[in-house]
There are 2 protein chains.
Amino acid sequence: MVKRKAAGQISSDEDRMYTDIYDAVMGHRLPPQTKLTELGLCEIYGLARHSVRKVLAQLAEDGLVDLLPNRGAYIASPSPQEGSEMFELRQALERLVIHNVAEQAPATKLAHLKDMVRHEREAWNKGDRPTWIRLSADFHVELAKLSGNALLTDILRRLVSRTTLLIASIESPGQNVCSFDDHLDILSKLEAGDKTGALKSMARHLSDCAQRSAKTEEKRFDLRSALMQS
Amino acid sequence: MVKRKAAGQISSDEDRMYTDIYDAVMGHRLPPQTKLTELGLCEIYGLARHSVRKVLAQLAEDGLVDLLPNRGAYIASPSPQEGSEMFELRQALERLVIHNVAEQAPATKLAHLKDMVRHEREAWNKGDRPTWIRLSADFHVELAKLSGNALLTDILRRLVSRTTLLIASIESPGQNVCSFDDHLDILSKLEAGDKTGALKSMARHLSDCAQRSAKTEEKRFDLRSALMQS
DNA sequence: CAAGAAGTGATTGTTGACAATAATAGGGGG
DNA sequence: CCCCCTATTATTGTCAACAATCACTTCTTG
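The structure reproduced in this document is the subject of the present report. Keep in mind that this is a model prediction, so the values were computed, not measured. (Residues numbered from 1 in each chain as written. Chains lettered and ligands numbered in written order. Predicted model: local features only at pLDDT ≥ 70, side-chain atom pairs only at ≥ 80, totals over all residues. Heavy atoms only, no water.)

## What about the sheet that holds strand 3 (residues 72-75) of chain B?
Residue and element names in this part refer to chain B. The criterion, for reference: For two strands to be treated as a pair, DSSP must find no fewer than two bridges joining them. Secondary structure elements follow DSSP: runs of H or I of four or more residues count as helices, runs of E of two or more count as strands, with numbering from the N terminus.
The strand order across the open sheet built from 3 strands is 1-3-2, with neighbouring strands paired in antiparallel fashion. Each edge of the open sheet is held by one strand with a lone partner, namely strand 1 (35-36) and strand 2 (65-68). For strand 1 and strand 3, the ladder comprises 2 bridges, and the chain directions are antiparallel. Its bridge partner lying in strand 3, Leu 36 is registered against Ala 73.

Dropping the structure here:
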């Protein structure tokens, strides 16, 4: 469950709308550039327009939707440029995460993460893609929590959402983009007290993800240019 | 001037309110924990309450005010814990900034920054503390812009605001907390192509700032405990 | 006299109506 | 036949009144 800061109380319906859209985006039932009309969401969730706008603002803040003035809310579609910026940032931030966890976090806390990876694998095996994608993202956020830096966790949480949105738009279901094997590898390095190894594993993991998403975006671009010629 | 993303158009009055409060906080004319009542701000800026609430939400998003449900908006007062978290993050992010600027940015772009530092020194010499603090913060943001990573710039901008708020609450006007000498040092290292040196200068600069703010916060705490005994 | 409870005033949160803007469809001129 | 201009419709942005909540004063009671 995604936590948000106190900014006017949050009704349970608003919370539901947020997570619904989040899940729908991650399961790419809501493809990028889909328009979300306020009135439509009002009817679906029985909320006042004001509340809908509040949730949309939160989604925009987390980078999941783009809010165009006088034109409405659209599911975000990160450009390749933004994609590489995200991963560059994540490299810097998750390096700090690993550093702090390796230095400070007790090994007992890592058990929780191992459970998560187990569930990740289960979801993958069952073909439950939305759950898998969500857990795959949560792994990085939960790891960040162990760093003890709340600010870092919050920023990384948003960044992971955006990254996941990027990945969710990839249409190759056979390819696993953010492997639980990698996650398990990072965990075992941390358990063994091998900080340098953990740093390397994380760096490679992120670099792999970045490359994969960049490649598929390139493919998408080629496809478009191919259509242009016809 | 602080740029914000498109999220419903921004009237010039709303913009003015944002920058006014920003400046007032930085010049510590608005000390932490000061309450900002909506109606008061409405009268001052001739805005509707709705607009005021929108700006307050933005300020909260940037970490300058705390928004307590049903209790109103208060100028934020970062705890020592948050303070150290901020600087830890800035160390990681600004290392990335320096790295990118050293690798990519053309030296000609650095001229602009040199001008800024000049103005910084002027403001300091004139005793214009608000302007100095603002320029001192802007230096880091403008440097981040040269990194070419818009996401990084945006995150760092908020972080710098929060840091500056922390620093602004320090009551020793004689002490310069974020020296332009340091800024100049970083610039010259970058100009000379000395990436390692620039990284070190930046790291030391931030570490100095962190230490100073931590020290004064400790002092404040002592003062409070002293009052408790009376 | 102190502590707690109820009432009052001030402040925030929400709802619905109105205004402004952008997307769409239809018609006239080139 | 295509393009541009205008009218209509749909959607977003803003405003003002209403409801809920909180802070404070006053009154009662042990």
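From this point on, the discussion continues.
## A short note on the interface of chain A and chain B
Applied cut-off: Note on definitions: a residue-residue contact is assigned when non-hydrogen atoms from the two residues lie within 4.5 Å. Throughout, the accessible surface (probe 1.4 Å) given up by two parts as they are put together, summed over both, is called the buried area. The term salt bridge refers to a pairing of a side-chain nitrogen on Lys or Arg with a carboxyl oxygen on Asp or Glu at a separation within 4 Å.
Taken together, the contact pairs 27 residues of chain A with 27 residues of chain B. Roughly 2400 Å² is buried in total at the junction of chain A and chain B, and carbon and sulfur atoms are behind 55% of that figure. Run the count over chain A and chain B and you get 2 salt bridges. As a salt-bridge pair, A:Arg158 and B:Glu61 come within 3.0 Å of each other at their nearest N and O atoms. Those elements that place two or more of their residues in the side of chain A that touches chain B are helix 4 (80-104) and helix 7 (150-168) of chain A. Broken down by element, the residue count for the side of chain A that touches chain B peaks at 10 residues, all from helix 4 of chain A.

## Things to note about the pairing of strand 2 of chain B
The two faces of a sheet get side chains in turn, since along a regular strand they alternate between them. Residue and element names in this part refer to chain B. As paired strands, strand 2 and strand 3 are joined by 4 bridges and run antiparallel to one another. Note on strand 3: the bridge partner recorded for Asp 66 is Tyr 74. Taking the residues that link successive antiparallel strands as the turn, the strand 2-strand 3 hairpin has 3 residues, and the phi of Asn 70 there is positive, at about 65°.

## Points about the protein's contact with DNA strand D
Cut-off, in case you're wondering: What makes a residue near a molecule or strand is one non-hydrogen atom of that residue sitting within 4 Å of it. Polar contact is the term for a pair of N or O atoms within 3.5 Å; when the atoms are in protein, one must be able to donate a hydrogen and the other to accept it, and sequence-neighboring residues count only if both atoms are side-chain atoms. Three classes are used, and their members are as follows: Ala, Val, Leu, Ile, Met, Phe, Trp, Tyr, Cys and Pro are nonpolar, Asp, Glu, Lys and Arg are charged, and the others, Gly among them, are polar.
Among the 16 residues in the neighbourhood of DNA strand D, the closest are listed as A:Arg49, A:Arg53, A:Asn70, B:Lys54 and B:Arg71. When the atoms of DNA strand D within 4 Å of the protein are grouped by moiety, sugar and phosphate amount to 74% of the total. Between DNA strand D and A:Glu38 there is a distance of 3.3 Å, counted from a phosphate oxygen to a backbone nitrogen or oxygen. At 2.6 Å from a base oxygen of DNA strand D is found a side-chain nitrogen or oxygen belonging to A:Arg49. For the surface near DNA strand D, the secondary structure elements donating two or more residues are strand 1 (35-36) and helix 3 (49-61) of chain A together with helix 3 (49-61) of chain B. Broken down by element, the surface near DNA strand D gets its largest block of residues, 3 residues, from helix 3 of chain B. Of the residues contributing to the surface near DNA strand D, the split by class is 3 nonpolar, 6 polar and 7 charged.

## What to know about the relation of the copies chain A and chain B
What counts is decided by this rule: Least-squares fitting of one copy onto the other uses the C-alpha atoms of those residues that reach a pLDDT of at least 70 in both copies.
With an RMSD of 0.1 Å, chain A superimposes on chain B once it is rotated by 180° and translated 0.1 Å along the axis. Taken together, the rotation and translation relating the two chain copies correspond to the operation of a two-fold axis. Closest approach to the rotation axis within chain A is made by the C-alpha atom of A:Ala92, at a distance of 3.1 Å.

## Examining the protein's contact with DNA strand C
Lining the immediate environment of DNA strand C, one finds 17 residues, of which A:Ala48, A:Arg71, B:Arg49, B:Arg53 and B:Asn70 sit closest. If you look at DNA strand C and keep only atoms within 4 Å of the protein, 70% of those are sugar or phosphate atoms. Measuring from a base oxygen of DNA strand C, one finds a side-chain N or O atom of B:Arg49 at 2.4 Å. A distance of 2.9 Å is found between a phosphate oxygen of DNA strand C and a backbone nitrogen or oxygen belonging to B:Asn70. Counting residues per element, the ones that place at least two in the surface near DNA strand C are helix 3 of chain A together with strand 1 and helix 3 of chain B. Broken down by element, the residue count for the surface near DNA strand C peaks at 4 residues, all from helix 3 of chain A.

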